[in-house]
Amino acid sequence: MTGEPNPLGDYVRARRELVTPEQAGIPVVGTRRVPGLRREEVAMLAGISADYYLRLEQGRDRNPSAQVLESLARVLRLDEDATAHLLRLGAGTSRRRRSRPRPRKETVPEGIAKLVASLPLPAIVEGRYFDVLAANALATALSPRLVPGGNRLRDLFLDPAEQALHPDWRNAAGGMVAGFRQSVGTDTDDPRFIELVGELSLASPHFSRLWARHDVEACEGEPKYLDHPQVGRLRLNRERLAIGGTAGQTLVVHHPDPGTDDADKLALLASMAATLQDHVQDSP
């Protein structure tokens, strides 16, 4: 097993280090030299042997039962999204492929591409690794980085202009990393995933710290706050709709509450974007 990926072990270890003895109801006596819970404490609270838990964390046992994983989720104080992620990791370890697959080219269905172009709201199609696969003009007006070929995760961590759009950049970054891990699930041997995480881990210490936490969170139903250089502060609702027949593609649409200043500002931005597009089309 040496040298093989161990996503389940990496995950439970990272989450174990984030749970304090006080949270787990364990009295603290003397000085503790490790962050979070000790392995034997997790095993005791989960009702499994310390040796079995050690084998799970080290990747020497790759067939945990759902009951064991749910017990670990309870001890590690995982919420619903994080528990589902743990169960996926546990199911994936016993059938993980040894050979690395070829990169998969993501193609947006023709009808979805036409829909995105026709929508009067900022809209993009996003791949499972947060690559921008399609975007309409208003989305690009919202952020010039929202263009096909871009990657939202890379832009948020490596592009100062994109960071300046987010008034609470660090909170936005944490949520995006947690959503990225939720989107990827157990598909961590994909070359695109390996390339992106490797690049960001080397280029951004903040990403590296967040990635090491193994946070998992669904990016659904949360508003997006932007500090736009042309129209000012914006609060937009964000809808993420799975696109059927694709390998994890998502239609992402931003929309303001009707009758608000945000709606007026977005309408102004749309008018500016349309004027610019007309000017480009009229240019010789």
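The coordinates are above.
Participant: Give a detailed account of the overall build of the chain, specifying residues and quantitative values.
Facilitator: If you tally the helices and strands in the chain, you get 14 helices and five strands. Counting only C-alpha atoms and orienting by the principal axes, one finds that the chain spans roughly 75 × 45 × 30 Å. Looking at the chain as a whole, 45% of its 284 residues qualify as buried. A separation threshold of at least 6 residues defines the contact pool for the chain, and within that pool the share at least 24 residues apart is 57%. Both charge centroids of the chain, one from 37 positive and one from 38 negative side chains, sit 7 Å from each other.

Participant: Talk me through the packing of helix α3 (residues 39-46) against helix α5 (residues 66-75); I want residue IDs and the actual numbers.
Facilitator: Interhelical geometry of α3 versus α5 gives an angle of 115° and a closest axis separation of 9 Å. Along this stretch, α3 crosses α5, giving a crossing that reads as right-handed. In this structure, α3 contributes Val42, Leu45 and Ala46 to the contact, and α5 contributes Ser71, Leu72, Arg74 and Val75. Its residues placed into classes, the contact of α3 with α5 shows five nonpolar, one polar and one charged.

Participant: Describe unusual backbone geometry, with residues and values.
Facilitator: Unlike most non-glycine residues, Arg77 shows phi in positive territory, near 60°. By the secondary structure assignment, Arg77 is in the loop between α5 and α6 (80-93). Backbone geometry at His214 places phi at a positive 60°, although glycine is not the residue there. Among the structural elements, His214 can be located in the loop between α13 (205-213) and β3 (224-228). Residue class for His214 comes out buried when judged on its relative accessible area of 11%.

Participant: Residue-level account of the side chain of His166, with values.
Facilitator: Considering the arrangement of structural elements, one finds His166 in the loop between α10 (160-165) and α11 (169-184). Note on His166: relative accessible area 10%, which makes it buried. Polar side-chain contacts of His166 include one of 3.3 Å to the side chain of Glu162. His166 has contacts with Leu156, Ala172, Lys224, Tyr225 and Leu226, leaving out every residue within four places of it along the chain.

Participant: Mind laying out the packing of aromatic side chains, listing which residues take part and the relevant values?
Facilitator: The tally for this structure, following the rule as stated, stands at nine aromatic pairs. Ring plane angle 65° and centroid distance 6.4 Å describe the contact between Tyr129 and Phe180, whose orientation is recorded as edge-to-face. In this pair, Tyr129 sits in the loop between β1 (123-126) and β2 (132-135) while Phe180 sits in helix α11, placing the two residues 51 residues apart along the sequence. By the burial criterion, Tyr129 is buried, and Phe180 matches it. For the pair Phe157 and Phe207, a centre-to-centre distance of 5.3 Å together with 85° between the ring planes defines the contact as edge-to-face. On the criterion of sequence distance, the pair formed by Phe157 in helix α9 (residues 152-158) and Phe207 in helix α13 is long-range, its members being 50 residues apart. Phe207 carries the same exposure label as Phe157, and that label is buried. Members of the aromatic cluster, connected to one another through ring pairs, are Tyr129, Phe130, Phe157, Trp169, Phe180, Phe193, Phe207 and Trp211. Cation over ring: Arg181 sits above Trp211, and NZ or CZ is 3.7 Å from the ring centre.

Participant: Can you break down the environment of Ile194 residue by residue, with the values?
Facilitator: Locating Ile194 in the fold gives a position in helix α12 (residues 191-203). Here the alpha-carbon distance between Ile194 and Asp159, two residues 35 residues apart in the chain, equals 20 Å.

Participant: Mind laying out the side chain of Asp61, listing which residues take part and the relevant values?
Facilitator: Among the secondary structure elements, Asp61 is positioned in the loop between α4 (50-58) and α5. On the accessibility criterion, Asp61 (18% relative accessible area) is buried.

Participant: Now, about the pairing of β1: what can you tell me, with residues and values included?
Facilitator: Of the two faces of β1, the one carrying Ala123 and Val125 and the one carrying Ile124 and Glu126 are both buried. As defined by bridge partners, β1 adjoins β2 across three bridges and the pair is classed as antiparallel. When the bridges of β2 are listed, Ile124 appears paired with Ala135. In sequence, β1 turns back onto β2 through a hairpin of five residues, with Phe130 there showing a positive phi of about 65°.

Reading guide: rules and limits
- For every chain, the first residue of its written sequence is number 1, and the numbers climb from 1 along that sequence.
- Residues qualify for local features only when their pLDDT is at least 70, as the model is predicted, and side-chain atom pairs are given and counted only at 80 or more; totals for whole chains, interfaces and linings, by contrast, use all residues.
- By convention in this description, side-chain values take in all heavy atoms of the structure and omit both hydrogens and water.
- The way it works is that DSSP assigns letters per residue, a run of H or I at least four long becomes a helix, a run of E at least two long becomes a strand, and they are numbered from the N terminus.
- Residue burial is assigned from relative accessible area. The probe radius is 1.4 Å, only protein chains are included, and a residue is buried under 20% of its type maximum, exposed over 50%, and partly exposed in between.
- We call two residues in contact when some of their heavy atoms are within 4.5 Å.
- The sign given to each residue is positive for Lys and Arg and negative for Asp and Glu; His and the chain ends receive no count.
- The atom standing in for a charge is NZ when the residue is Lys, CZ when it is Arg, CG when it is Asp and CD when it is Glu.
- Structural elements are reduced to axes, namely lines fitted to C-alpha atoms, with helices fitted over the stretch in contact, and the angle between N-to-C directions of any two is expressed from 0 to 180 degrees.
- By convention the crossing between two helices is left-handed if the near helix lies anticlockwise of the far one by an angle smaller than a right angle, and right-handed if it lies clockwise.
- Residues are sorted three ways: Asp, Glu, Lys and Arg are charged, Ala, Val, Leu, Ile, Met, Phe, Trp, Tyr, Cys and Pro are nonpolar, and all the rest, Gly among them, are polar.
- In the analysis that follows, any N or O atom pair within 3.5 Å is treated as a polar contact, provided that within protein one partner can donate a hydrogen and the other can accept it, and provided that, for residues neighboring in sequence, both atoms belong to side chains.
- Here the aromatic set is Phe, Tyr and Trp, taking the six-membered ring for Trp, and pairing holds for ring centres within 6.5 Å; pairs whose planes are under 30 degrees apart are stacked, those over 60 apart are edge-to-face, and all others are tilted.
- Distance and angle both matter: a charge sits over a ring if NZ of Lys or CZ of Arg is within 6 Å of the ring centre and within 35 degrees of the ring normal.
- A pair of strands is treated as paired once DSSP finds two or more bridges between them.

Purely spatial values, then, with no claim about function.
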